[in-house]
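Here are the chains, one letter per residue:
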Amino acid sequence: MRLKIGFILRSLLIVGTFIGLIVFWSSRTPKSSDEKPFAEVEERLANNPLPNVNDNALEKFNPVVPWPHVEGVEVDLESIRQKNDGKKGPPHPPQAGADNQQEIMQKQYVNFKPQKHIYPDPVLRSGVLGNFELKEPEPQGVSGGPGEGAKPFVLGPEYKDAIQASVREFGFNMVVSEMISLDRTISDLRHEECKFWHYDENLLTSSIVIVFHNEGWSTLMRTVHSVIKRTPRRYLAEIVLIDDFSNKVHLKEKLEEYIKQWNGLVKLFRNERREGLIQARSIGAKKAVLGQVLIYLDAHCEVGPNWYAPLVAPITKDRTICTVPLIDYIDGNDYTIEPQQGGDEDGFARGAWDWSLLWKRVPLSSKEKAKRNHRTEPYRSPAMAGGLFAIERDFFFELGLYDPGLQIWGGENFEISFKIWQCGGQLLFVPCSRVGHIYRLKGWQGNPPPAHVGSSPTLKNYVRVVEVWWDEYKDYFYASRPEAKALAYGDISELKRFREEHNCKSFNWFMEEIAYDIPAHYPLPAKNVEWGEIRGFESNYCIDSMGHTNGGFVEMGPCHRMGGNQLFRINEANQLMQYDQCLTSGSDGSKVMITHCNVKEYLEWQYFKDLHRFTHTPTRKCLDRSEVLHQVFVSDCDTNKSTQKWEMNNILSM
């Protein structure tokens, strides 16, 4: 009897505890009738608006509105899309022939997943404001504040020393940047037609990936703020920050605390060693798991009005498309924004390269214009600059991300561009998606590569790219960069196996079908006769371009055997060249300058190796020098003049 009573009491205690827990959790759960289940959080943020850097410098400015709060609530984005699909009825049927073409592509590239998402083409409705356009003007970050509307903000001479110090450290005028609101408005540089495009709302979601290393505070945070401010929340799955082993104090605990206000929307991951921009981006792809699309941004950008829908719509329709926004120029001194120079009458350009693999831009060709029904439609580009682009996450992984052998920075933009095109994808530039980008100013001390990387990482990257993707065209690269011929570039067997298994097309196909216009702007180089440093005979002084281009004079400087500005080549066309520049006589007829040239220009030089002499055929004079004045010029030939004797010595990169 005593045993039964004890058992009954214990049972009642357990049941009572369970009921108590249910009552407790019910009292803590927001009810459907609650208008603001997160009222306490909102009240706290209202009382403590987002801090800006150096707020004391802006005491006379008052914010127009507090920064909009983003609730940290988990959202099942896939369920929302399926629900929306159900409301809209049956999906739009694809255009005639589209299924067959897609099937052919999928059979050819059997290792890529098939396209399952049905998405209609955007529609241009003249005079009818697009469904993703703002109905009211965007509120200013700080009413009447510095830099609002991307107006120039210039400080007085008393700030000169502080500004120069910030440029050396970060590459930008951080003194000005710290005084500009992180939430500032910017100018809308889009073509007027962009405002009337209508996009189906069933867009893919995105993870924004931003890699940084020792970035300035306000330029990094303004990038994040602009994304949150100008991206529809339903599509913004997460912002992933990858810290590539920074050592700046403001990027430690301060950053960790600052991003907490977004309740998990902004995530921070830290590399345990310096990986470099390229591999840090691959790490970012692995960390960003919530979005269907990966959008890469540099750490010093500001996205423009309605940037998201135009950028992601082509990918939503075809998962093998990679898109690139038009990149505008943010002045790193006064933070004005303007379109990049060059391009066609609309400022539209295609990504290109010269044959030493330097990034170039060429005007949009008539052939590409003829493919469009409207001038602001996305258009094909052979290559991207690499800092800003969007790609479906699974497709990026199917492509193998970046070549794991590429180090730090340089060449990855070409590698991913060639891989996309030759292996069945497309690369499109999107005129209606614009992002401003700050370019580093002269005087920046840079971020030297870590010790474990070794020398010439960018040149090694270039060699890996051309060895994998360029086929016989790699000879033109080595003609432009002969010092790279003997460079050890590591194992590329896995990359070549990938190309074979995915039935990737030849580089000749790519040049004929996609990059057909590049040789017209950057002709294929002639074969080299000799190359190396041009050293004064029995001297320690060499010709040095001093980094001058397009009309600057070359000089004599101490030979350093490192190539670079002291590396020249003379080819079968009698051009004396450095990269895509030619040497010629200046306007005074004597001093030698360096300037851009094509294959038919400045065919002016002959090198007589046995005589140690360069002759300038138009003037019938000889290459001469003054090591005291550091000058290089042409003068009447004299076999007794030692200053007219030269030797050309090969330099091999290590």
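Structural notes, computed from the coordinates.

Calculation rules
- Residues numbered from 1 in each chain as written.
- Predicted model: local features only at pLDDT ≥ 70, side-chain atom pairs only at ≥ 80, totals over all residues.
- Heavy atoms only, no water.
- Salt bridge = Lys/Arg side-chain N within 4 Å of Asp/Glu carboxyl O.
- Buried < 20%, exposed > 50% of the residue type's maximum accessible area, 1.4 Å probe, protein only.
- Core = buried A, V, L, I, M, F, W, Y, C linked by side-chain atoms within 4.5 Å.
- Helix = DSSP H or I, 4+ residues; strand = E, 2+ residues; numbered from the N terminus.
- Contact = heavy atoms within 4.5 Å.
- Disulfide = S-S within 2.5 Å.
- Axes fitted to C-alpha atoms, helices over the stretch in contact; angles between N-to-C directions.
- Left-handed = near helix turned anticlockwise from the far one by under 90°.
- Nonpolar A, V, L, I, M, F, W, Y, C, P; charged D, E, K, R; others polar.
- Polar contact = N/O pair within 3.5 Å; in protein donor to acceptor, adjacent residues only side chain to side chain.
- 1 Å grid on protein atoms, 1.4 Å probe; cavity = no way out; pocket = protein on both sides within 12 Å on 5 of 7 lines; lining within 4 Å.
- Points joined across faces, edges and corners; volume = space filled by probe spheres on them.

1. A closer look at the pattern of salt bridges
According to the stated counting rule, one finds 39 salt bridges in the structure shown. Note that Arg-481 and Glu-483 form a salt bridge whose closest N and O atoms lie 2.9 Å from each other. For the pair formed by Arg-481 and Glu-483, the shared burial category is buried.

2. Some thoughts on the nonpolar core
Core analysis: the biggest nonpolar cluster contains 64 residues, and Trp-353, Ile-391, Phe-396, Phe-418, Trp-470, Phe-477 and Phe-510 have the highest contact counts within it. The dominant element in this core, judged by the number of residues it contributes, is helix H14 (residues 457-469), at seven residues. Apart from residues lying up to four places away in sequence, Trp-470 is in contact with Trp-353, Trp-355, Leu-357, Phe-418, Val-465, Phe-477 and Phe-507.

3. Quick word on the state of the cysteines
Using the criterion set out here, one finds five disulfides in the structure. Shown here is the disulfide that connects Cys-423 with Cys-504, its sulfur atoms set 2.0 Å apart. On the sign convention where negative is left-handed, the bridge of Cys-423 and Cys-504, at about 105° about the S-S bond, is right-handed. One end of the pair, Cys-423, is in the loop between helix H13 (412-422) and strand E14 (426-438); the other, Cys-504, is in the loop between helix H16 (493-501) and helix H17 (507-513), with 81 residues separating them in the sequence. Using a relative accessible area of 0% as the deciding quantity, one classes Cys-423 as buried. Across a sulfur-sulfur distance of 2.0 Å, Cys-542 and Cys-559 are joined as a disulfide pair. In this structure the cystine formed by Cys-542 and Cys-559 twists about its S-S bond by roughly 100°; its chirality is therefore right-handed. Pair noted here: Cys-542 is in strand E16 (residues 541-544) and Cys-559 is in the loop between strand E18 (555-558) and strand E19 (568-571), with a separation of 17 residues, a long-range link.

4. Observations concerning the packing of H14 against H16
Two elements in contact, H14 and H16, have axes separated by 10 Å at closest approach and are oriented at 35°. Regarding H14 and H16, the two cross each other, and that crossing is right-handed. Touching Arg-464, Glu-467, Val-468 and Trp-469 of H14 are Leu-495, Lys-496 and Arg-499, all from H16. The class makeup of the residues in the contact of H14 with H16 is three nonpolar, no polar and four charged.

5. Concerning the environment of Arg-380
Within the secondary structure, Arg-380 sits in strand E12 (residues 379-380). In this structure the C-alpha to C-alpha distance between Arg-380 and Val-430, which are 50 residues apart in sequence, comes to 9.1 Å. Not counting chain neighbours up to four residues away, the residues in contact with Arg-380 comprise Arg-350, Glu-368, Lys-371, Trp-421, Leu-427, Leu-428, Glu-513, Ile-514 and Tyr-516. Side chain to side chain, Arg-380 and Glu-368 meet in a polar contact 2.9 Å long. For Arg-380, the side chain forms a polar contact with the main-chain oxygen of Glu-513, separated by 3.4 Å.

6. Overview of empty space enclosed by the protein
Rolled over the atoms, a probe sized like a water molecule indicates the empty space that remains. Scanning all chains against the criterion turns up four cavities of 30 Å³ or more. Its boundaries defined by the atoms lining it, the largest cavity holds a volume of some 200 Å³. Of the residues assigned to the lining of the largest cavity, the class counts are ten nonpolar, seven polar and three charged. Computed from the structure, the second largest cavity encloses a volume of approximately 60 Å³. Around the second largest cavity, the lining is made up of 13 residues, and of these Ile-186, Ser-187, Gly-304, Asp-328 and Arg-434 lie nearest the centre. If you tally residues by element for the lining of the second largest cavity, the top one is E14, at three residues. The class makeup of the residues in the lining of the second largest cavity is five nonpolar, three polar and five charged.

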